[in-house]
Every structure is written in structure tokens, then in C-alpha cells.
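# Structural characterization, general
Given next are the chains, with one letter for each unit.
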Amino acid sequence: MIQPLAYIHPQAKIADNVVIEPFVTIHKDVEVGEGTWIGSNSVIMDGARIGKNCRIFPGAVVSAPPQDLKYKGEPSTVTIGDNTVIRECVTLNRGTALDKNTTTIGSNCLLMAYVHVAHDCVIGDNVIIANSVQLAGHINVYDYAFIGGTSAVHQFVEIGAHSMISGGSLVRKDVPPFTKAGREPLSYIGINSVGLRRRGFSAESINEIQEIYRIIFLKKYNVTKALDIIEAEFNPTVERDEIINFVSNSQRGIMKGFGI
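Definitions and cut-offs
Residues numbered from 1 in each chain as written. Predicted model: local features only at pLDDT ≥ 70, side-chain atom pairs only at ≥ 80, totals over all residues. Heavy atoms only, no water. Core = buried A, V, L, I, M, F, W, Y, C linked by side-chain atoms within 4.5 Å. Buried < 20%, exposed > 50% of the residue type's maximum accessible area, 1.4 Å probe, protein only. Helix = DSSP H or I, 4+ residues; strand = E, 2+ residues; numbered from the N terminus. Salt bridge = Lys/Arg side-chain N within 4 Å of Asp/Glu carboxyl O. Disulfide = S-S within 2.5 Å. Pairing = 2+ DSSP bridges. Contact = heavy atoms within 4.5 Å. Axes fitted to C-alpha atoms, helices over the stretch in contact; angles between N-to-C directions. Arc of directions from axis to C-beta. Expected span 1.5 Å × (residues − 1).

Where an unreviewed UniProt entry is consulted, the protein chain appears under the name Acyl-ACP--UDP-N-acetylglucosamine O-acyltransferase, with the organism given as Mucilaginibacter calamicampi.

Below, the structure written as C-alpha cells:
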């Protein structure tokens, strides 16, 4: 299952049933889980921890040193969960000692061609990142988020679960969970109702999420006032509490409301 034209350091840990195509380079401090396929001309560098049944397409570079002038060569990692697909020419930089010391990609993710994930990012499970998206350092992307092609995301931004960002966006502010984001500057354009229905959210939950975001984004309250109203008028639910926690803990501030 390992082609003779591939280079694999003898101390790399390669599990059973891994397929490694010609001209792959795998460095010393690497672990690859069962059933993973690694396409030709991929480079898997020190610190890569790749899960089971992943697919890494030609030209990808996994666990390259971070493009951060503060990085001094300290050991760090990139961790990729099970069943994740890394398409052509994706670049994943490992973490730095000044933050998490690792970059994490969850399970069941799809990173399309030419995506860049910088140091110390955390990508949740079931995330889709479309072609040529560029993520700066220290970004958190939560489960089931979707980022449209050629978008650029500023460092330290948080992108909430089940959110959807339109292609070509410049993401400078946090994107709360369950929302759709678009326009320039990036703004609230509704909730991701189609995605929520596909994932089994009830009509009652979707309606509640929509009413909460009307208060945050459409009523022109400041954020503190909007959160006070939501806590007073809505009974605690998982979705309500997730929205309140995300917005109240936002360090960069959340995106603009519609028409604001």
C-alpha cells in the first residue's frame, strides 16, 4: 500500500491499510491512522497527527511551520480527526508555544482546494471550507459551519456552529451560531434555516433562533440591551444559551446587523 517512490522517514508511525502514493514525503514526527489515503506530491511534516480514513489530495502540505515571526522552532502539532478530506494544495500550519501549541481540524470535515489554515486555529467537526479560503492565526470555527470560497478571515475571529458565510467575504468580526453572513462589510442576512432543518432542528427551535436574532440584529438595540431582553423574554434552551454565551463572550465584537 506504500509506493516505492514515496519517502517515509523510518520513525514515522503509519497504521495499517494506509495508502501512500508516489512522490509523497513523510517526515519523522508523524502519525497516520488506519485507512488514510495520501495522494502524490503531498508533504506531511513533523508534528502531523492524522486520523483514520482521511483523504489527503496531491500537493497538500500538512504541519508546515507557522508563518509567524514569533515562532522559534518549538515542537508543535497539527491534529486532523477521522474521515476528513484535505483537497489539492491545502496548507495547514502547526501551532505555536505562545498559544495552543497545536492547530486542530475536526472529524468529517471538507477543506477544498487551496485552503490555508494558519497556526493555532481550531476547526470543529463537520465543517466545510470552500476553495481558496484563507484563515489567519488563532481562529475558532465551530461544528457544521460553512465558509464560502475565496473568503478571508481575520486572526482571532470566532465563527459559530451551523453558520454560513457567503463566498468572497472579508470576515473581520465574529459570526454568531446559526446565522448567515454576507455583504461588505460583513452583515447578518438571516439564519441558516435550510442547514438547521437538514440537521434535524425542530420548527419551534428555528423560529426561536430567528426571533432571538431579530432582537440582536434588527431592533437596533446595543448588544447589552439585546441580551438582557433575550434573557428576560425567552425560556432557557440549548440554542438560546449558545447564542447568549457566544455574543457575550465575543472579543472582536459580532458582525453588523442588517441595514445598520
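There's plenty left to go through after this.
### Focus: the nonpolar core
Counting 66 residues, the largest nonpolar core has Leu92, Leu111, Leu135 and Ile216 as the members making the most contacts within it. Ranked by residue count, the leading element in this core is helix α2 (residues 203-218), at seven residues.

### Thoughts on the pattern of salt bridges
Evaluated as defined, the whole model comprises eight salt bridges. Between Arg240 and Asp241 there is a salt bridge, with its nearest N and O atoms 2.8 Å apart. Looking at Arg240, the relative accessible area reads 9%, which means it is buried. The class for Asp241 is partly exposed, based on a relative accessible area of 28%. Bridged by salt links that share partners, the residues Asp29, Glu31 and Arg49 form one connected network.

### A look at the state of the cysteines
A complete count under the given rule lists zero disulfides for this structure. For the unlinked cysteine Cys54, the closest cysteine sulfur is that of Cys109, found at 9.4 Å. For Cys54, a relative accessible area of 1% corresponds to the buried category.

### Remarks on the sheet that holds strand β23 (residues 158-159)
Read from one edge of the open sheet, eight strands run β2-β5-β8-β11-β14-β17-β20-β23, paired in parallel fashion. Looking at strand neighbours, the two that pair on one side only are β2 (13-14) and β23, the edges of this open sheet. Relative to strand β17 (residues 122-123), strand β14 (residues 102-105) runs parallel, the two being bridged by two bridges. Residue Thr104 lies in a different strand from β17, and its bridge partner there is Val122.

### Comments concerning the sheet that holds strand β27 (residues 187-191)
One open sheet accounts for ten strands, arranged β3-β6-β9-β12-β15-β18-β21-β24-β26-β27; its pairing is mixed. Each edge of the sheet is formed by a strand with only one pairing partner; in this case those strands are β3 (19-20) and β27. Both strand β24 (residues 164-165) and strand β26 (residues 179-182) contribute to a ladder of two bridges, which runs parallel. Bridging from a neighbouring strand, Met164 pairs with Lys180 of β26. Here α2 sits on the sheet in contact with β26 and β27, set at roughly 160 degrees to β27.

### Description of unusual backbone geometry
What is expected of a backbone is that most residues other than glycine have negative phi and most peptide bonds are trans. Look at the link from Glu184 to Pro185: it is a cis peptide, with omega at 0 degrees. Within the secondary structure, Pro185 sits in the loop between β26 and β27. Unusually for a residue other than glycine, Asn53 sits at a positive phi of about 55 degrees. Within the secondary structure, Asn53 is located in the loop between β8 (48-50) and β9 (55-56). The exposure class of Asn53 is partly exposed, given its relative accessible area of 44%. Of note, Arg183 is a non-glycine position whose phi angle comes to about 70 degrees, a positive value. Counting through the fold element by element, Arg183 comes out in the loop between β26 and β27.

### Notes on helix α4 (residues 238-248)
Of the residues making up α4, those classed as buried are Glu239, Arg240, Ile243, Ile244, Phe246 and Val247. Buried residues of α4, seen end-on, are gathered within an arc of 165 degrees and therefore sit on one face of the element. Elements that come into contact with the buried residues of α4 comprise β23, α2 and α3 (223-233).

### Looking at α2
Its 16 residues give α2 an end-to-end C-alpha distance of 21 Å, which sits within 8% of 22 Å, the value for a rise of 1.5 Å per residue. Inspection of α2 places Ser205, Ile206, Glu208, Ile209, Ile212, Tyr213, Ile215, Ile216 and Phe217 among the buried residues, and these make up the whole buried set. Looking at the buried residues of α2, the elements they touch are β26, β27, α1 (193-198), α3 and α4. Just downstream of α2 lies Lys220, where phi reads positive at about 65 degrees.

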